[in-house]
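# Tertiary structure, described
Here are the chains, one letter per residue:
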Amino acid sequence: MSVDGGAQRLKTEADEPGWEVDPDDDWGVAVVATVGRQLRLRREAVGMRAAELGTATGYGEDLIYKIESGKRIPRPEFLDKADEVLGAGGLLSAMKEDVAKVRYPKKVRALAKMEAKAVEIQLYDPLNIHGLLQTPEYARGLLLMRRPAYTQDEVERMAAGRVARQSIFLRDPAPEISFVLEEWTLRRPLGGRMLLRAQLERLLEVGQLRNVELQVMPMDREEHAGLAGGIEVLKFGDGSAVGRSAAVSNGRPVTEPKQLHILELRYGIIRAQALTPRESIAFIVQLLGET
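So, a few notes on the structure that sits alongside this text. Remember, it's a predicted structure, so these values are computed and weren't measured experimentally. (Residues numbered from 1 in each chain as written. Predicted model: local features only at pLDDT ≥ 70, side-chain atom pairs only at ≥ 80, totals over all residues. Heavy atoms only, no water.)

### What to know about the sheet that holds strand E4 (residues 176–182)
Across the sheet, five strands lie side by side as E5-E4-E3-E6-E7; this open sheet has mixed pairing. Each end of this open sheet is capped by a strand with a single partner; those strands are strand E5 (212–217) and strand E7 (241–245). Across this sheet, the average inter-strand angle for adjacent strands is 5°, counted without regard to direction. The sheet contact formed by strand E3 (residues 118–125) and E4 spans six bridges and is parallel. Across the sheet, residue Asp125 finds its bridge partner in E4, namely Leu181. (Pairing = 2+ DSSP bridges. Helix = DSSP H or I, 4+ residues; strand = E, 2+ residues; numbered from the N terminus. Axes fitted to C-alpha atoms, helices over the stretch in contact; angles between N-to-C directions.)

### With respect to the pattern of salt bridges
The full count for this structure, using the stated rule, is 17 salt bridges. When the shortest N-O distance is used, the salt bridge between Arg187 and Glu290 registers 3.5 Å. With a gap of 103 residues between them, Arg187 in helix H9 (residues 183–187) and Glu290 in helix H12 (residues 277–290) connect regions that are remote in the sequence. Taking relative accessible area as the criterion, Arg187 reaches 33% and is therefore assigned partly exposed. Assessed through its relative accessible area of 48%, Glu290 is described here as partly exposed. Two residues, Glu232 and Arg244, come together in a salt bridge whose shortest N-O distance is 3.0 Å. Here the residue Glu232 occupies a position in strand E6 (residues 231–236), and Arg244 occupies one in strand E7, the gap between them amounting to twelve residues. Judged by its relative accessible area of 35%, Arg244 is partly exposed. (Salt bridge = Lys/Arg side-chain N within 4 Å of Asp/Glu carboxyl O. Buried < 20%, exposed > 50% of the residue type's maximum accessible area, 1.4 Å probe, protein only.)

Written as structure tokens, this is what we have:
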């Protein structure tokens, strides 16, 4: 609950950007509808009105009705509070994991699922600092710059999805991850120099992880094997792999050995042309001092 001037102010839809349900996400719609139905049944079973539940949980009556009708994704802390208030015995709280996944777009969930199984990941993005490395503020700033403009709800959902995928760094056993970053993406102060400084500090933090290698491609290189576009290669414990690049199959995921070989060959050359990991960390430290 929030308090404003000593009076209780209940959260409204405007206070909760990024929690709309994607109507094209069939699984997500089904999960949120199920949670909403259970919430309404529990509320009615104890004889509590929506407005009373809202007051007890810090939400406005309209927002309670939207959650119950499957039009809004409930926050995990709301489910915990509602479970306690309604005496649901853990039924509502138990749905938090699925509900948390629904907030992230379908494509992000699919990608995160593959990343969670990978034992080795190779990543090169010629246009931006890779999403797995972005701070929440930097990610949000990039999304706000997109044209046509995303809605605030879309920005929040996509930014949250990028940050959620970064749990990959906490996996045990951790996958081996290699990043190649373009120098110009580390110099351009998108969103302002304070955002860039925080982003460079984040790179240095991730670069210290034993399973992560960061390499910078300097702008003064006279040869560059990555001009055809970004590269992603994920390898799995059973020996299989999946890759993607705008230069191969128009960016569609590929699993054929010949196409994967092309991606790995190109990625290997890019790494050889870039600064070494040690040189790259020193370079980022230098950039941070200049920013």
